[in-house]
Structure formats: C-alpha cells, structure tokens
Amino acid sequence: MTYMNSGANIKQFRLVKFINENCSDDHVISKISIVLRRDKIEAPYYMDTKIRLSSCIDMAENGVIHAMDILNHNRMYNLTEEKYMQIKSLITDAFDESVESDSVKIFKKEKRLKIVLMSKNDEEFADLFESYHELFDKIDSLID
C-alpha cells in the first residue's frame, strides 16, 4: 500500500511497535495472526497477516468494561517459493508445540500454517516483539 502516492510503504510491524511504544494507555490488547498457505491455484505461495490492537478503559472480573479499536490491519502477500520457505522456516523454528500458551497458538495442516499471538498489556506486547522480531522484520522486508 503506497501512502498518499509518496512512494512510502507502511511496514506493518514497525507501525504496530511504534503505536505500542507511544501509546499512553497501559491496557492495549493485541492479536496478530499470520497464515501461510500453499493451496491456492492462482497464488501457490501465499501469506495473510492480520493485526488488531484494542484499548480498554478497565478490566472487570468477567471481562472488559469498554474497548475501542486502535488498529485493524490486514495485508495479503503473494510470495515467491524462496520467501515462502524462509518465512515458513522462521515460523517452524520459533513456534513449536512447547511455546504454545494463552499468548501463542499454532495451527498446522498439510498446506496451511497459522500462528496467533495475543497480548493483554504493554509488557506482554514487548515480550512478543523481543521474541519474534526476526520474523516480523522478515515480513516487513517483503515490502520495498
């Protein structure tokens, strides 16, 4: 996506990190999903990323009192086989069953690999970026 015909491209994970680091709200909830697929005829190597940031005023015993979307971003990529294999390798190396938790979910099928990363506060969000920055940088580097 070119921003205002300036030739600039939005690096999605850098943008999300910037928002998180500069947001004054301590209750920013994030959900990042990355899906790698190779089951489409017209685009045999494909990736879809979805990023959602929400801010909540307060947490109640049984849930959120008030939430507001800060960012809801979706980007789809047609990849070369080489880029697909690089990203798949990063995901496979970083996300095995041992890292699965409330914050990290992994879904594997023969021709589809999906990871979902969630954080409930700034500290968890920073931990996700520290742990998976190489993957995020690789995805952002697909956009020149």
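Cut-off values and rules
Residues numbered from 1 in each chain as written. Predicted model: local features only at pLDDT ≥ 70, side-chain atom pairs only at ≥ 80, totals over all residues. Heavy atoms only, no water. Salt bridge = Lys/Arg side-chain N within 4 Å of Asp/Glu carboxyl O. Buried < 20%, exposed > 50% of the residue type's maximum accessible area, 1.4 Å probe, protein only. Helix = DSSP H or I, 4+ residues; strand = E, 2+ residues; numbered from the N terminus. Expected span 1.5 Å × (residues − 1). Bend = angle between axes of the 7 residues up to and from the residue. Polar contact = N/O pair within 3.5 Å; in protein donor to acceptor, adjacent residues only side chain to side chain. Contact = heavy atoms within 4.5 Å. Core = buried A, V, L, I, M, F, W, Y, C linked by side-chain atoms within 4.5 Å.

Caption draft 1: The pattern of salt bridges, seen in detail. Inspection of every chain in the model, using the stated rule, returns one salt bridge. Across the salt bridge formed by D39 and R37, the nearest N and O atoms sit 3.1 Å from each other. Judged by relative accessible area, which is 39%, D39 ranks as partly exposed. Residue R37 is classed as partly exposed on the basis of its relative accessible area, which comes to 23%.

Caption draft 2: The arrangement of helix α3 (residues 122–140) in detail. Relative to the 27 Å expected for 19 residues at 1.5 Å per residue, α3 spans just 21 Å between its end C-alpha atoms, considerably shorter than the ideal helical length. Residue Y132 marks the point of greatest curvature in α3, where the axis turns by about 75°. Within α3, burial applies to F125, L128, F129, Y132, L135, F136, I139 and D140. Capping of α3 at its N-terminal end is provided by N121; its side-chain oxygen lies 3.1 Å from the backbone amide nitrogen of E123.

Caption draft 3: Local environment of the environment of L71. Within the fold, L71 resides in strand β5 (residues 67–78). Sequence separation between L71 and V16 is 55 residues, and the spatial gap between their C-alpha atoms is 8.4 Å. Among all residues touching L71, those that are not within four sequence positions of it are V16, I19, I51, R52 and L53.

Caption draft 4: Up close: the nonpolar core. In this structure, I34, I91, F95 and L135 are the most contacted members of the largest nonpolar core, which totals 30 residues. For this core, the elements supplying multiple residues, two or more each, are α1 (12–22), β1 (28–37), β2 (46–56), β5, α2 (81–94), β6 (104–109), β7 (112–119) and α3. For this core, the element with the most residues is α3, which contributes seven residues. Those residues in contact with I34, other than ones at most four positions away along the chain, are F13, M47, D48, T49, I91, L113, K114, I115, L135, F136 and I139.

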